[in-house]
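Okay, here's what each chain looks like letter by letter:
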Amino acid sequence: MSTLKAVIMTDDAQTPAIRLRGVSKRFPGAKEDAVAAMDLDVDRGAIVALIGPSGCGKTTTLRMINRLIEPSAGTIEIEGRDVTNQPAMQLRRGIGYVIQQVGLFPHRTIAANIATVPRTLGWEKARIDDRVRQLAEVVGIDTAMLSRYPDELSGGQQQRVGVARALAADPPVLLMDEPFGAVDPIVRGRLQEELLDLQREVRKTIVLVTHDLDEAVKVADRIALLNVGGVVEQYASPDELLRAPANGFVEEFVGEDRSMRRLALATVGDLPFEPGPVIEVAADPAAGLAVIDEHRTDWLGLVDDEVFLGWVPRDQVAGGGALADAQRYLPAAQVAPSSTLRSALEVIMTSRTSVAVINDDGRFRGTVTLERIRGGLAGDLDGPAERAA
Amino acid sequence: MTAILAQRAVPRDTTLWEWFSDPMTWGGSDGILANLGDTVLLCAAVTLFAILVAVPPAAFLAHKGWGEVTSAWVVNIGRALPTFAVAAFLVPVSLRAGYGAEPWPIFIALVLLTIPPMYLSTYVAISQVDKAAVNAARAMGFSERAVLTTVELPLASTVIFTGLRVAAVQVVATEPIRAFLGGDGLGRYVRDGIGQNNATLTIGGTILIAALAGTTGLAFSAIERLVKPYGVRRLRSDRSPRTGDTDEQVGPLEDGEPAGSDAAGVGGLRQR
C-alpha cells in the first residue's frame, strides 16, 4: 500500500510536498509577528534549509509544519493536504522529526527508541523488529547496539539513532531542527555526508533548520534565508544565493567570503578536462618546450600512460636531453576528482608550480590552475546533476 | 484517659531486655503488636491518601508547566504548619462535630504534614525531566497523557519515589504524637514512660518507632525496585555498564562502529 501511495505521490509532481501560504505566527503578548505572511514551496524529495539570524522564526516555521506551534494565519499543506484537517497527533506520526538535543528516551533501549512511532501506530512485533534492524543498517548503527541504552552511545551515534527513529514509519517528510548542532565539527561533517548518502537512498522531503551557512550550502538543494520577523529574504539554490544575493541583507549574511563558500559547492571533477602543460615522457624535448611556451609557465609535467611522473623545470627541458632523464620534481600538489574547488585552491596556493594535478586513484586526469577555478566561479556551480533534485 | 488506666502496669525496675522478651508485652489488646497495627494502619492510610491527593495534581501541573509560583506558596505554607498544634486544635473541633478525638484529628494533621513534600518532589521531578525527550515524544505524535505516563513519570520516578519515601518516614516518625492526643499506637509507650517516669517504656517505645521508620524506608526502596523497569532503574546508578561482562563489550562495539572517526572522537571522550 505504501508503494502504491509512493507512486501516486511521485506522479503528482506539480504539487509541492510542503506548501506554505501566507503563514503568520504572533505569540501571545508579542508586539511583532515571529513569522510574517510566509509563502514557501518545498519540492518533493528536496532538502530545504531554513537559515537566518536568531529571532528570524526559522524554528517557529519548522514547528508550525507539524503543528507543535499553531499558525496564527495562513495555510500549510503537506502533499496537498491542509495540516489542520487532521488531528495533530496523527499528523505528527506521519512526519519525521529530528532535534539538536536528539531527545532519545534514556529509559528505553535503542531498538525501543527506533520503534517508537511504529509501536504507536500498532504495527505487529515482527514487522517492527524487521524495520528496526533495517533502519539500524541504513543509518550505520551496529545491530548489536540495539539492546543498549542511549547513554552508552557517543553523540554521533545518538544522532544517527535519532534519524533512524524519525524515519521508522517511513514518513514522506522529515523535519530537522539543527540536527548536527550538538556534535563536534568532525562528526558533524560525517553526519552531513551520511545525511546526503541517506537522502540518495530514501528520497524524503527534508526541511532543515540551521544557523550554519556552510552546513546549508553543503546539504541543501535550496536555501531559504530568513530575516528577523520571519521574512524570506531569498529562496534560492546555494550557488545562486552566494553568486547573486538578492539584497544587502543577504549579501551581508552570506559574508565577504561567499566566493570561497561557492568553491565548496563544486568538485574538481565538475571542471571540463584540461591536460595543462603536460606531455608524454617519450615525446621530443622541443615539443615539450612548445607546450611550456603555449601555457606560459616554467614547468613541464611528464606523463607515462596516464601516470603522472613529475614536473621538470623549463631550463632542463631547454637543455635538450631526453625528457625521461631530466631531473623531476614530484610535489604534493595533487587533488582527487572528488575534491572541492576550495580544497584545490588550497593545494594550488601552497604548490611551487601553481598547478594541481588531478589524480584519480593513480590515473592522471588533467590539471587545475587558479585561472580555471576563477573561470568556474564565473559560471553556475550548482552543476552536477545529483544536486538538482 | 481511660486508655491509660486500662493498661497493664510495668514495674519501673524492668529492664529493656525483660520488657521486650516478655510475651505479655507483645500480645493482648494493648500489646506492641496491637499498637504496631494501629500505627501502621494510620500511617498507611495517611501515606496512601496523601499520595492520591498530592501526586496526580503535582504531576499534571508540572507537565503543563502551570502553577510554579502557586505551588511554592502552598508548599511553604504547608511546611510552616505545626503538626502537633494542628492536631490539638482539631481535637475539640472533631469532638464537637461528633467524630470523636480519634483518629481524624491526627489523620488530618499528618496528611497536611505529608502533602507538601510529596507534592513538591513530584512537581520538581516532573519539571526536571529532560525537555528534549518530552519534545521529541510530542513531535512523534504522543498524546499529552502518553507524554506524561510513558516519558515524564518513568524518568521522574526516582526523584518522586525518594520524595514519597522521605514523606512516609516522616509520617511514621510523627505519628506517635497521637498518643498525646488521646490515641494509642506505638507512641503510647513513650507517653506512658514519661507519665510513669519509666525509662524502660520510653526507650523501648522510641526503639520501636525508630525501627518502624527504618523499615518503612526499606519497604519503599523494595517497592521502588519492584515497580521500576530495568531501563529506568539503571539510570539511577552511575552511567557506565553495571557488570564486568557488559563492560568488555563496550570497547569493541564503539571501535568497530563503521564511522570510525566519531567512535574515536566523541565516543572516546564520553566513554569514561
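Here the structure is a predicted model, which is why all the values come from computation and not from measurement.

(A) Representation of helix α4 (residues 32-64) of chain B in the model. Residue and element names in this part refer to chain B. Along its 33 residues, α4 runs 47 Å from first to last C-alpha, staying within 8% of the 48 Å computed at 1.5 Å per residue. I51 marks where α4 bends most, by close to 25°. Of the residues one or two after α4, G65 is the one with positive phi, at around 75°.

(B) How the structure looks around the packing of helix α7 (residues 104-127) of chain B against helix α9 (residues 144-174) of chain B. Residues and elements named next belong to chain B. Remark: α7 packs on α9, axes separated minimally by 8 Å, with the N-to-C direction vectors making an angle of 155°. As far as their axial angle goes, α9 and α7 are roughly antiparallel. The handedness of the crossing between α7 and α9 comes out as right-handed. When α7 is examined against α9, the residues L110, L113, T114, P117, M118, S121, T122, A125 and I126 are found in contact with a partner set consisting of L148, E152, L153, A156, V159, I160, G163, L164, A167, Q170, V171 and T174.

(C) Quick look at the nonpolar core. All names here are of chain A. Ranked by size, the top nonpolar core spans 141 residues in total, and within it I18 and I114 carry the most contacts. For I18, the residues in contact, after removing those within four places along its chain, are L40, D41, V42, I65, E77, I78, V173, T205 and V207. Core analysis: the next-biggest nonpolar cluster, separate from the first, contains 15 residues, A344, V347, V368 and I373 among them.

(D) Representation of the pairing of strand β13 (residues 307-313) of chain A within the structure. The element β13 of chain A is largely enclosed, with a buried count of five among its seven residues. Counting the residues in the hairpin turn of strand β12 (residues 299-304) of chain A and β13 of chain A gives two residues, including D305 of chain A, whose phi is positive at 50°.

(E) Geometry of the sheet that holds β12 of chain A. Residues and elements named next belong to chain A. Pairing within the open sheet is mixed, and its three strands lie in the order β11-β12-β13. Edge strands, defined here as strands with exactly one partner in the open sheet, are β11 (278-280) and β13. Pairwise comparison of adjacent strand axes, ignoring direction, gives a mean angle of 30° for this sheet. Relative to β12, β11 runs parallel, the two being bridged by three bridges. Bridge pairing links E280 to V303 in β12.

Definitions and limits used
Residues numbered from 1 in each chain as written. Chains lettered and ligands numbered in written order. Predicted model: local features only at pLDDT ≥ 70, side-chain atom pairs only at ≥ 80, totals over all residues. Heavy atoms only, no water. Helix = DSSP H or I, 4+ residues; strand = E, 2+ residues; numbered from the N terminus. Expected span 1.5 Å × (residues − 1). Bend = angle between axes of the 7 residues up to and from the residue. Axes fitted to C-alpha atoms, helices over the stretch in contact; angles between N-to-C directions. Parallel < 35°, antiparallel > 145°, perpendicular 65-115°, else oblique. Left-handed = near helix turned anticlockwise from the far one by under 90°. Contact = heavy atoms within 4.5 Å. Core = buried A, V, L, I, M, F, W, Y, C linked by side-chain atoms within 4.5 Å. Buried < 20%, exposed > 50% of the residue type's maximum accessible area, 1.4 Å probe, protein only. Pairing = 2+ DSSP bridges.

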